[in-house]
Amino acid sequence: MQFKLYQPNLALIQDEYYKIPQDYYFQTLNYTFKISQTYEFRLIYINIKLLMINQPNSIIELPFQVSTSHILDLFISCTKKKQYQILEKDSNQIIAIKENVAVVKNTLKRMICIQENTFEQICLVKIQIDTNQVKCVRVISIRGITGHYDENSELITYFLSKIDKLRNKKTQDQNMMNEASEFVAIVNVSEEIENPVNQNPYYLETSAYYMFHKLLCASNYGLGKKVAEYIQKLQNNLVSDQTNIKQNVQQLNAFINQIVETLFQSFNFGKQETTQIMPYCKISIEKYFYLKLSHYILPQYQNMFKQQNEQFRSKKIDRNNSQFISELHKYLEIPEFNPQQLIRINEALNELDKIEYMSYPREKLRCLQLMNAILKAVNSGLIDQLVKYCLIQSNVDHPFSEIQLLIDSTSSQDRQFLNKINHQLEEIISA
């Protein structure tokens, strides 16, 4: 069946009814047009709305000669130029925010609508840098998370123009592959660090994890021997005594800090020419230890909070069940989401689901922080209800264990945030 949109002949109407009062004429015309709205017209309207919720995004590649820190610094300078602020910064990603966007569209909406839409006033842009070792390039992904399309697009376009200028200054010839070959042939870490030829951005970032792990793996010498003995001792303690898991994790974190301090002072890392590599030190050390010990630590946390996790699983609902979702909205007193908000909620859920697959606490904490930032952009006034909304629909089977591990292993400045999530989990199982 085909539907056609009826278009009244305006000239005919005007000729035949020129004696009708003007107000009545326009009322009649408007009523006729409303009646003529058909299924085909509604489909067109839906397609337009779907286009409106898209966000600008771009993926580009740069050679290893351009460091991640250089790219992120360039992005930060662009955010300042476009009046964005840094919401979250990590070693390979940044989220920038621009609040109270004074655009004509939002101004008119606030004049017409009774309830102000906070979601559309907050613009979020995320940049993430990954490494493609096969192609020997850095992959830069930049996209708008939420907010006004034009505002985010202006920042992204401006940043890409700066990247193009940077790309033109860098050579993309065989030298890049030669540098990669030199890196693979590294034998002595200390000699390699002192070689000024290798003090290029590619070496400083790409080889950081390798260099620190190589030092820690040298189990027959100095620091590596000390690390190997400690790991073996801690493994024995975790197997023989499962009641002091919190104390063992705290001792592990204290030992990690001790190793980091040692690396800053010894192994030639204290020299001026090698200080650029040290920002990657603690991240590398933490990852090394937790990759070695997580399969001993996590099961004990899961066993410790077995009852709470089972109670939580009994409260979870299927995120694809529309009836349960509708009841959850009523229970948490959350208004139904519009299509754009629903996309952001799904992004927050995806970040939350990742925490059980991340290898060490810093990665898990980053997922929770990103989830929280996305939910604040949806509606900052309902952030507590939205966090509960995501927790109840999450695919995380051991949330109490994961949160408690983070509380025991992260810095004190993050514990307030984690304790709040833990309290929300307790409210869910007690409801």
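Quick summary incoming for the structure in this document. This structure is a prediction, so every number in the text was calculated from the model and none was measured.

### Considering the overall build of the protein chain
So, point 1. In terms of regular secondary structure, the protein chain is built from 21 helices and five strands.
So, point 2. Every one of the 431 residues in the protein chain was classed for burial, and the buried ones make up 44%.
So, point 3. Within the structure as shown, the protein chain displays about 24000 Å² of accessible surface, and the carbon and sulfur contribution to it stands at 51%.

### Some thoughts on the pattern of salt bridges
So, point 1. Overall, the coordinates contain 12 salt bridges when judged by the stated rule.
So, point 2. In this structure, Glu151 and Lys98 form a salt bridge, with 2.9 Å as the shortest nitrogen-oxygen distance. With Glu151 in helix H7 (residues 149-169) and Lys98 in strand S3 (residues 93-98), the pair connects residues that are 53 residues apart, well separated along the chain.
So, point 3. Assessed through its relative accessible area of 15%, Lys98 is described here as buried.
So, point 4. For the salt bridge of Lys420 with Asp384, the shortest nitrogen-to-oxygen distance reads 3.2 Å.

### Observations concerning the sheet that holds strand S5 (residues 137-146)
Sheet strands associate in pairs through backbone hydrogen bonding, adopting either a parallel or an antiparallel arrangement.
So, point 1. If you trace the five strands from one edge of the open sheet to the other, you get S1-S5-S4-S3-S2, paired in antiparallel fashion. One side of each edge strand has no neighbouring strand; the edge strands of this open sheet are strand S1 (57-63) and strand S2 (85-89). This sheet shows a mean twist of 20 degrees between the axes of neighbouring strands, independent of strand direction.
So, point 2. Sheet topology places S1 next to S5; seven bridges connect them, and they run antiparallel.

Rules used in this analysis
- Residues numbered from 1 in each chain as written.
- Predicted model: local features only at pLDDT ≥ 70, side-chain atom pairs only at ≥ 80, totals over all residues.
- Heavy atoms only, no water.
- Helix = DSSP H or I, 4+ residues; strand = E, 2+ residues; numbered from the N terminus.
- Buried < 20%, exposed > 50% of the residue type's maximum accessible area, 1.4 Å probe, protein only.
- Areas by Shrake-Rupley, 256 points an atom, 1.4 Å probe, with all protein chains shown as cover.
- Salt bridge = Lys/Arg side-chain N within 4 Å of Asp/Glu carboxyl O.
- Pairing = 2+ DSSP bridges.
- Axes fitted to C-alpha atoms, helices over the stretch in contact; angles between N-to-C directions.

Keep in mind these numbers describe shape, not what the thing actually does.
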